[in-house]
Amino acid sequence: MSLAATLLPVTILAPLGVAMLLIILARSLPPQVSTLIAVVAAAAVTAISFWLARQTMHGPVLHWLGGWTPAASGRPGVILGISLMADPASAAVAAFCGLIFVAAMIFAWGYFDEVHSHFEILMLLFLAGMVGFCFTHDLFDLFVWFELMSTVAFALTAYPLGRSSLEGAFNFTITNALASFMMLAAVGLLYARTGTLDFTQMNEDIGRQGSDPALVCGFCLLSAALLTKAAIAPFHMWLSDAHAVAPSPVSVVFSGVMVSVALFVLAKLISQIFSHGDATPLRFALLWLGAVTAAVGGLMAWSQRHLKRLLAFSTIAHMGIMLTGIATTTPTALAGFLLYIVGHGLIKGALFMIAGILLALRASGDEIMLYGKGRSLWPAGSAMAAGGLLLGGLPIGILHGATELIQTATTRAASLVILVATALTGAAVLRAAARIFLRWSGAPGLEFSAPTEREHEKGGRPLWLMLPPCLFMLALALIPGRSVDSFLAVATGWLAHPDSYHAITLPKPKLSAASFDSIALTFAILGLSLCRERATSAWARRLFRAEALPVDALQSLHSGLIGDYVVWMMLGLALLTGFFGLRQFGF
Amino acid sequence: MSILPWLISAYLFAVGIYGIATSRNYVHQIGCLSVCQSATYIFLLAIGYRWGSGPPIYYDHPPGTPAVDPVVQALVLTDIVVGAAVTALLLAIALQVHKRRGTLDPQKLRPLRPVP
């Protein structure tokens, strides 16, 4: 076995093993030491995964657990073992997960000191689940990692045991537990039809027997489960509750990688298992879901005042944009999607850290209550402004490179939606930054009546300790996105066709007047909001009422009631199944 | 293969969802979630079942004796373990909510919303 194949399971075993070690030593180790051990473990995962990404550029590496290779079953065509597969894209995503975990744990230094390294243990288990989720090549194994990831995430959300965090965690747990049941049923259906759980063999079987209702159902259930995790409308309602109430280092991980990893796995499954047959209906469905999600997320982010809730809705909008990238099913858009995961994760992670800094040092996370209170925290303010500008489409950095790739590959209408969603989320972040750090403000508009709460996080942590991971992530996000084109082309090639590699050429980056569309729109929306005045005349009142109508309707849909969320999920599942079912019978 | 297990599974899932959607008590909702989960157990066991075959244990049977599919049974077993963990976690959350708020009615407990 090659060194790469030997090291592949270490990326999962290392965080699991260190977590076990920390459980044993929890009460005898000083908290700083256990944080340090956890950071080193996460950094090791990052380093190994990064190395694997470089090593696998000539071809994916398989590791058969326990030596149960296909030959070991003694019958040709029967696979009894479970395998892990590292291709450049999966390894890069796993390395990125590790990086975000390192940053989040350094950011949380001193936050969870009283609780005997339980935070570090949960984070390491979370990382192990996520890396396993990226590398697995077996459908049931995928479900197990999905469950591990979800269960740890539930516990981390409920961690502060505050009012909202318990209720948010409850909604999160119920919706995501339902998603995992859907996934389990899908695994069962696909196994019943193909008799295997291995990706490659399942793909061959599906190609041989063609489409069939059970397979369609299996696909719908599987994608509904992953779309729930990835917070795509109408499965997205849980996210704004969970991400807004989780401790901010945890939100960094949630928004930075957890949701986008689910979309990554969806893209991987589509190209590695469901690659046969006509992709038109799939393209149509995913494009619509993505566009609606981007629009809803952007509009909702714009009308929030609670910083973490604002960022949570902005994550939903960006998930929608990523899904439009997957829906295009061209290599260019897929490459854009991979780059987008990294760009978005870095910026969103950094912004959640700023929210955490404000919660710790200014004891509030509400842009109106924090009005002008951030003036002495100018380094954090400039970081937040930089994050907002990058999010709003400033034509430098990774995120812009990714958006450009997706937009060149998708339809005009979809790229218009992407433009508007990007601008709305960017303007929302900039508006909050202007209010908190510069005391610039118009009369509060739609955001005034949005849900919010008085809360704070453990203070006494100095700014110089919390800011470096945030600045580091922003600095990484400023790397020109297209400087990694050669790696990206190879990674996309292997992701799209793991058994028959095609070289891919990406379009050349070009800076034109159109590159500034998005940031111009961001500033226009921001300007409108900062110049806003109270409605004094009758027509202004009428205008404001008309403006509030769609947003109020959206706000009331996101009711915080678990019953509503579950009904929306089932509606989404019925829509997906109905659509693909009708296409199956030729309508 | 009889259609009965599929019907039972669909019915259980539907009533579980109905319960979660309409219930006014956290603990009741947790119970409903377990009902949904039972639907997936029956679904999986039905997939693996073969008429007239024994359990997949071969120590006193010659290899090649018809047996039900052990893979789905392993899936169910794994899911039962995870389900137990999730239910325990949910009940712990419900307990903490009750301690802090004195109610378990989801209408009165909404994240980030003021108490009505």
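Further up the page is the structure itself.
As a starting point, this report considers the structure included with it.

### Notes on the packing of aromatic side chains
Residues and elements named next belong to chain A.
Part 1: Applying the stated criterion across every chain yields a total of 18 aromatic pairs over all chains.
Part 2: Ring geometry for phenylalanine 172 and tryptophan 238: centres 4.8 Å apart, planes at 10°, overall stacked. One end of the pair, phenylalanine 172, is in helix 7 (residues 163–194); the other, tryptophan 238, is in helix 10 (residues 237–245), with 66 residues separating them in the sequence.
Part 3: With centroids separated by 5.7 Å and ring planes inclined at 90°, the aromatic side chains of phenylalanine 219 and phenylalanine 580 adopt a geometry described as edge-to-face. Taken together, the residues phenylalanine 219 in helix 9 (residues 213–229) and phenylalanine 580 in helix 22 (residues 562–584) connect sequence positions 361 residues apart.
Part 4: Classification of phenylalanine 219 as buried rests on a relative accessible area of 11%.
Part 5: Residue classification places phenylalanine 580 among the buried positions, given a relative accessible area of 10%.
Part 6: Each member of the aromatic cluster is reached from another via a ring pair, and the members are Phe101, Phe126, Phe154, Phe172, Trp238 and Phe254.
Part 7: Sitting over the face of the ring of phenylalanine 544, arginine 532 holds its NZ or CZ atom 4.0 Å from the ring centroid.

### What about the pattern of salt bridges?
Pairs can form between side chains of opposite charge whenever their charged atoms are close.
Residues and elements named next belong to chain A.
Part 1: For the coordinates displayed, the defined rule picks out 15 salt bridges over all chains.
Part 2: Between aspartate 366 and arginine 305 there is a salt bridge, and its shortest N-O distance comes to 2.8 Å. One end of the pair, aspartate 366, is in the loop between helix 14 (331–361) and helix 15 (378–391); the other, arginine 305, is in the loop between helix 12 (280–302) and helix 13 (307–327), and 61 residues separate them in sequence. Assigned by exposure class, aspartate 366 and arginine 305 land together as buried.
Part 3: Between arginine 532 and glutamate 547 there is a salt bridge; the shortest N-O distance is 3.0 Å. Of this pair, arginine 532 sits in the loop between helix 20 (517–530) and helix 21 (538–557) while glutamate 547 sits in helix 21, placing them 15 residues apart in sequence.
Part 4: One connected set of salt bridges, linked through shared partners, spans Glu367, Arg431, Arg435 and Glu447.

### Here we look at unusual backbone geometry
Residues and elements named next belong to chain A.
Part 1: Note that the residue after alanine 233, namely proline 234, is joined by a cis bond; omega there is 0°.
Part 2: The topology assignment puts proline 234 in the loop between helix 9 and helix 10.
Part 3: Here the phi dihedral of alanine 363 falls at roughly 55°; this positive angle occurs in a residue that is not glycine.
Part 4: Position of alanine 363 relative to the elements: it lies in the loop between helix 14 and helix 15.
Part 5: Relative accessible area serves as the criterion here: at 45%, alanine 363 is assigned to the partly exposed category.
Part 6: Positive phi outside glycine occurs at arginine 439, with the angle close to 60°.
Part 7: Note on placement: arginine 439 falls in the loop between helix 17 (412–438) and helix 18 (463–477).

About the thresholds
- Residues numbered from 1 in each chain as written.
- Chains lettered and ligands numbered in written order.
- Predicted model: local features only at pLDDT ≥ 70, side-chain atom pairs only at ≥ 80, totals over all residues.
- Heavy atoms only, no water.
- Phe/Tyr/Trp six-rings, centres within 6.5 Å; stacked < 30°, edge-to-face > 60°.
- Helix = DSSP H or I, 4+ residues; strand = E, 2+ residues; numbered from the N terminus.
- Buried < 20%, exposed > 50% of the residue type's maximum accessible area, 1.4 Å probe, protein only.
- Lys NZ or Arg CZ within 6 Å of the ring centre and 35° of its normal.
- Salt bridge = Lys/Arg side-chain N within 4 Å of Asp/Glu carboxyl O.

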